[in-house]
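# Descriptive structure summary
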Amino acid sequence: MSKQATAADKPAKNFYCLSMFPYPSGKLHMGHVRNYAIGDVLTRFKKLQGYDVLQPMGWDAFGLPAENAAIKNNVPPAKWTYENIAYMRGQLQALNLAIDWDRELATCNPGYYRWNQWFFLRMREAGIAYKKTGTVNWDPVDQTVLANEQVVDGRGWRTGALVEKREIPMYYLNITRYADELLDSLDTLDGWPDRVKAMQANWIGRSHGCDITFPCAQGDIEVYTTRPDTLMGATYLAVAAEHPLAMKAAEADADIKAFVDECRRGGTTEAELATQEKKGMPLGIEAEHPLTGEKLPVWVANYVLMNYGSGAVMAVPAHDERDFAFANKYDLPIKQVVAVDGHADYDSENWQDWYVSKENSQLVNSGDFDGLGFRDGFDAIAAALEKKGLGKPRTNYRLRDWGISRQRFWGCPIPLIHCDDCGEVAVPDDQLPVKLPEDLVPDGSGNPLAKHADFINVDCPKCGQPARRETDTMDTFVDSSWYFMRYVCRDNPDAMVDERVDDWLPVDQYIGGIEHAILHLLYARFWTKAMRDLGYCKVDEPFARLMTQGMVLNHVFYRKGGEGQIEYYPPADVELARNDKGEVISAVLKADGKPVEYDGMGTMSKSKLNGVDPQQMIDAHGADTVKLFMLFAAPPEQSLEWSDAGIDGAARFIKRLTRAVEEHLDSGAAAPIDSTQLADAGKTLRRQVHQTIGKVTNDIGHRLVFNTAIAATMELLNNVNKFDVSTDNDRAVRHEALDAIVRLLGPIIPDTAEQLAIKLGHDSLLAAGWPEVDESALQRDSIELVVQVNGKVRGKVQVAADAAKDVIEASALEDANVQRFTEGKTIRKVIVVPGRLVNVVAT
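Figured I'd write up the structure that's included with this text. (Residues numbered from 1 in each chain as written. Predicted model: local features only at pLDDT ≥ 70, side-chain atom pairs only at ≥ 80, totals over all residues. Heavy atoms only, no water.)

## Description of the packing of helix 20 (residues 706-722) against helix 21 (residues 728-744)
For clarity, the cut-off: Note on method: axes are straight lines fitted to C-alpha atoms, helices fitted across the in-contact stretch only, with angles between N-to-C directions ranging 0 to 180 degrees. The numbering of helices and of strands both runs from the N terminus, where a helix is a DSSP run of H or I of at least 4 residues and a strand a run of E of at least 2. An angle below 35 degrees is treated as roughly parallel, one above 145 as roughly antiparallel, one from 65 to 115 as roughly perpendicular, and anything else as oblique. By the definition used in this description, the sense in which the near helix is turned from the far one sets the handedness, with an anticlockwise turn below a right angle giving left-handed and a clockwise turn giving right-handed. Contacts between residues were defined by any pair of non-hydrogen atoms, one from each residue, lying within 4.5 Å. Here the term charged refers only to Asp, Glu, Lys and Arg, the term nonpolar to Ala, Val, Leu, Ile, Met, Phe, Trp, Tyr, Cys and Pro, and the term polar to all other amino acids, Gly among them.
Viewed as axis vectors pointing N to C, helix 20 and helix 21 meet at an angle of 160°, and their least axial separation amounts to 10 Å. Here helix 20 is positioned roughly antiparallel relative to helix 21, judged by the angle of their axes. Handedness of the helix 20/helix 21 crossing: left-handed. Here Thr713, Leu716, Leu717 and Val720 of helix 20 lie close against helix 21, whose contacting residues are Arg734, Ala737, Leu738, Ile741 and Leu744. Residue classes in the contact of helix 20 with helix 21 are distributed as seven nonpolar, one polar and one charged.

What follows is the structure, given as structure tokens:
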């Protein structure tokens, strides 16, 4: 679409439209089609307006699915990936998308991931990339680290072995260095959906609280809390299974060791811990309350994560729901220290949401702090702790540094070498990329790189002695954190990015699923800021405007087997019965005529067999019809329900438009419009044409709502077909109307529109450009006003567009129906709302 331009020769008007690049899983699905159709409309719309437009495409090609497929099919992940890319590229090209294929990239290509490695080393030099020990899921049979989604009921997805938590060295990126900027700059992203910004803000999770030290003979316990005002309600402490106190206690107590081992086989995320049953064991030690000196028991609990905070929590069961459940289960004290105005007495057996309220609250049972509200209580207790040297206020973040190490094969190798004499050594820049062997077939038993002598054995770049390559690969979110920059300078083999990044970025319109609202977008924002700070670009934010498109839904049908197994059936194999409202009331399988269960509309998926093959739809109806249906069926941010009737309707509309243009051309050539000789019907149609141009321009270019834009062109075509052509001037008006419809639909049905534009006399659709509103066509000789009597509509009147107020009042009062409703009454006043209505007040 766009030339390979330098910043110096680029036009002033440019537009970067980008859809999130797909994972090459094998085939496009309708969600892809919808995503790329939206971006294609905007690309073509801006192109017709004269912009230099960039719409590239690539492949998010590393990742676990390729490894799983390789294990299953006994083929190298590279072969599986590149074959899928070739097939899916063909599908995209069949959709006739306005993509600049010269900029295509795949993240598994060494020419791309070389720069992942290069910039990792720059971040390492700047202290942004570093190494530390981290907690992972470990499969003891396969001898490999598992992602959270690979742990099913505490067992490895492939081996069924009980998964362990292990502490292993890992590489991290210091995203927390940017926590404040990542949070505060959300306020500058006016083109982002509010819910996405809220999700990012919650993930960053900036909070203001206190570090508190609980003295303990076996080792002081440090906790962080956002509710220091409730400190006087602390009745026990809980630590994570990996906490040093728990590990030490486990060495001396077999029961504690068994429980710690059980916890270490559990989940590693907050979401998993939130839903699991709360369990714990006392460690047999006590800590001191920092203000009262009271002895508090220390427990190990499965709801405390070591990698959040210090791995210990101050348990205030009266005012924390998790602590409340735990205390009731193990009969631990529950001490109310917060009262809230307007609520009944505290019930220690039944949790109520007001227990955590800060509004209209005051401290009770808290000694000298009684009667203080949340803020004053917070400050007073923090000051008391600080005075004793046992605490101080601190701003904390939920966000943790980004662990990028993956003990898997199909990813970007981390460019480090381990030498017995020199330690950890960076691979020199002139030896990049560290290439991933593309002929390896993983077997599921650990990372094959660790067993591949040609990869792992290398001379140390510093001392020349035998050394070992790092076998960890990078998290695939690294690949997608800057690909939008590489598109811009894809043709530069000598630099990660160049000056064109500052010319094209931020991306004007980014489009993708809501499932990427947190991690991908957050990491891309972080990566951009890191590149800025290290001097490789000047942009602060990567994406100016963001659209999260809705899912594509289809009917779901199934049967349950005798042992509860569920078998799904494709909608095409099912015959439906509907009621008068069109609702599904029963369904039978066509093959045997027996009933199947109907589960409503669900997201298209392979597992539920309710997907629709885009290629079949394109082959049957054409790409224009498929895109028209996808864009017309629902606003882009809402879910779209697939309908065979809907796609048939889209096909009929395209045929109707084509027939209207051909019949018009068969009637003869059209001369230019003489606007001074137009009859009222011609003026009305011209006004509708230019109103439609204005509406469609706003709907596509500003509101990003395509269904209403399409509806407006459909309504205009209906009016054109009703228009009675009796003069050359009438034919000219009809020509203008049809020409406008074709050009307005050009971004949506480009193949059809291109053919029709040429028939209508243009060299091409692009040469025709985007239609402009003729303001003179919007002028009216007369207008119709609604007339109300005492607020109720009683008539309508036609008046001159420039009629004076007294003329409008007189016309309204002369209306026969108005006179009927004012007969025998006194006209108190007449209110004229210009261009809209007249209200007669009569008593």
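Past the structure itself, the notes keep going.
## Overview of unusual backbone geometry
Short version of the rule: With a 1.4 Å probe rolled over the protein chains alone, any residue whose accessible area is under 20% of its type maximum counts as buried; one over 50% counts as exposed, and the rest are partly exposed.
With an omega dihedral of 0°, the bond running from leucine 432 to proline 433 counts as a cis peptide bond. Turning to its location among the elements, proline 433 is positioned in the loop between strand 22 (423-426) and helix 12 (453-456). Cis geometry marks the peptide bond from leucine 505 to proline 506, where omega comes out at 5°. In this fold, proline 506 is placed in the loop between helix 14 (500-504) and strand 26 (509-513). Located in the positive-phi region is leucine 609, a residue other than glycine, with phi close to 55°. Following the sequence through the fold, leucine 609 ends up in the loop between strand 32 (597-603) and helix 16 (614-621). The backbone phi angle of leucine 704 is positive, close to 55°, even though this residue is not glycine. For leucine 704, a relative accessible area of 8% translates into the label buried.

## Quick look at the pattern of salt bridges
Heads up, the rule is: Salt bridge, as used here, is a side-chain nitrogen of Lys or Arg placed within 4 Å of a carboxyl oxygen of Asp or Glu.
Per the counting criterion, the structure on display carries 38 salt bridges. Close ionic contact of aspartate 429 with arginine 122 constitutes a salt bridge, the shortest N to O distance being 3.2 Å. Here aspartate 429, found in the loop between strand 22 and helix 12, pairs with arginine 122, found in helix 4 (residues 110-125); they are 307 residues apart in sequence, far enough to count as distant.

## Examining the side chain of threonine 213
Convention followed: Identification of polar contacts relies on pairs of N or O atoms within 3.5 Å, with a donor-acceptor requirement for protein atoms, meaning one able to donate a hydrogen and the other able to accept it, and with residues adjacent in sequence counted only if both atoms are side-chain atoms.
With respect to the helices and strands, the residue threonine 213 is situated in strand 10 (residues 206-214). The exposure class of threonine 213 is buried, given its relative accessible area of 11%. Of note is the side chain of threonine 213, whose polar atom sits 2.7 Å from the side chain of glutamate 222. The residues touching threonine 213, leaving out its near neighbours within four places in the chain, are Asp220, Ile221, Glu222, Pro290 and Leu390.

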